[in-house]
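# Architecture and fold: a report
Each chain, written out:
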Amino acid sequence: MPENFVYLHDIDATIAQDMRYAGADNFTGRPLAGYDAAECILRREAAVALKAVQADLVASGYALKVYDCYRPERAVRAMLQWARDGGDGAATRRFFPRLEKRSLFALGYIATRSRHSAGVAVDVTLIELPAAPAAPFDAAARYGPCTGPASQRAPDTSIDMGTGFDCFDDMSHTASTAVTPEQRRRRAQLVAAMARRGFRNYPREWWHFAFAKSGAAPRMDFPIHPRAGR
């Protein structure tokens, strides 16, 4: 890895990891290019700040779970290719139940240039402690839309924020009033905890945060390999 990039597990092994783009439970339905291991990698300063968020939350009975961290630029290109391949995306329609697949970039739900590729952005949620194990993802199952009840979505151990992760819908906007007051309160709790340690939320996605103190970090395209000894 380039200098100053680290595995989150080596900074804080207590933060849960559910790296969606290394498997099939994502809007493309397959692992993305460059995700050769289900590992969260970040620039060191972002990882250390995330460790501080975790320490703040654990004291009140909560913890973090990350869905995506550093994202190779080749994966960003794969997302763009998927959006423009001419297919209707029926197999993964649960991630964008009210939108056309080809509109996702134009509407700002997927970026052509991502701070994930600089290692300073993270997709994250809250879990309650003690953490419960999730049921295994079944690629053949017919899960409900990401906007539907949590019990009908793909399995997840996170607190219900009103939508699933990577739900391309107005309901995912952080300040959406289409979710319940309790779900809005949980979103606000996550935003406040992250902001306290220097992370800024993307208003269209309650789960997406960028570490504001990293400045103009360059975007990278190295693949995600397993940690040594794994």
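Residues numbered from 1 in each chain as written. Predicted model: local features only at pLDDT ≥ 70, side-chain atom pairs only at ≥ 80, totals over all residues. Heavy atoms only, no water.

Further remarks concern the overall build of the protein chain. Scanning the protein chain for helices and strands turns up four helices and seven strands. Its C-alpha atoms give the protein chain a radius of gyration of 16 Å, within 12% of the compact-globule value 17 Å for 230 residues. With respect to the three principal axes, the spread of C-alpha positions in the protein chain is 40 × 40 × 30 Å. Split into buried and exposed, the 230 residues of the protein chain put 50% on the buried side. (Helix = DSSP H or I, 4+ residues; strand = E, 2+ residues; numbered from the N terminus. Rg over C-alpha atoms; globule rule 2.2 N^0.38 Å. Buried < 20%, exposed > 50% of the residue type's maximum accessible area, 1.4 Å probe, protein only.)

The next subject is the pattern of salt bridges. Evaluated as defined, the whole model comprises 20 salt bridges. The shortest N-O distance in the salt bridge between Arg-227 and Glu-39 comes to 3.2 Å. Highlighted residues: Arg-227 in the segment after strand S7 (205–211) and Glu-39 in the loop between strand S2 (16–17) and strand S3 (41–43), separated in sequence by 188 residues. Linking Arg-77 and Asp-221 is a salt bridge whose minimum nitrogen-to-oxygen distance equals 3.4 Å. Residue Arg-77 is found in helix H3 (residues 73–83), and its partner Asp-221 is found in the segment after S7; the two are separated by 144 residues along the sequence. One network of salt bridges, with partners in common, ties together Asp-18, Arg-20, Asp-25, Lys-65, Arg-94 and Asp-156. (Salt bridge = Lys/Arg side-chain N within 4 Å of Asp/Glu carboxyl O.)

With that out of the way, let us pick up the packing of aromatic side chains. Tallying each qualifying case throughout the model produces 15 aromatic pairs. Plain terms: the ring middles of Phe-5 and Phe-222 are 5.3 Å apart, the flat faces sit at 85° to each other, and that makes the pair edge-to-face. Here Phe-5, found in strand S1 (residues 5–7), pairs with Phe-222, found in the segment after S7; they are 217 residues apart in sequence, far enough to count as distant. Judged by relative accessible area, which is 7%, Phe-5 ranks as buried. Given a relative accessible area of 14%, Phe-222 falls into the buried group. Between the aromatic rings of Tyr-21 and Phe-27, the centroid separation amounts to 6.1 Å while the plane-to-plane angle is 85°, which identifies the pairing as edge-to-face. The residues Tyr-21 and Phe-27 share a single accessibility class, namely buried. Pairwise contacts between aromatic rings join Tyr-21, Phe-27, Tyr-35, Tyr-67, Trp-82, Phe-96, Tyr-109, Phe-165, Phe-168, Trp-206 and Trp-207 into one cluster. Positioned above the aromatic ring of Tyr-109 is the side chain of Arg-204, whose terminal nitrogen or guanidinium carbon lies 5.9 Å from the ring centre. (Phe/Tyr/Trp six-rings, centres within 6.5 Å; stacked < 30°, edge-to-face > 60°. Lys NZ or Arg CZ within 6 Å of the ring centre and 35° of its normal.)

One open sheet holds the five strands; their spatial order is S2-S4-S5-S7-S6, and the pairing between them is mixed. A strand with exactly one partner marks an edge of an open sheet, and here the two such strands are S2 and strand S6 (199–202). As paired strands, S6 and S7 are joined by four bridges and run antiparallel to one another. From the neighbouring strand, Arg-200 faces S7, where its bridge partner is Ala-210. Each of strand S4 (62–68), strand S5 (121–128), S6 and S7 is contacted by helix H4 (residues 181–196), which is oriented at about 125° to S5, the strand it contacts most. (Pairing = 2+ DSSP bridges. Contact = heavy atoms within 4.5 Å. Axes fitted to C-alpha atoms, helices over the stretch in contact; angles between N-to-C directions.)

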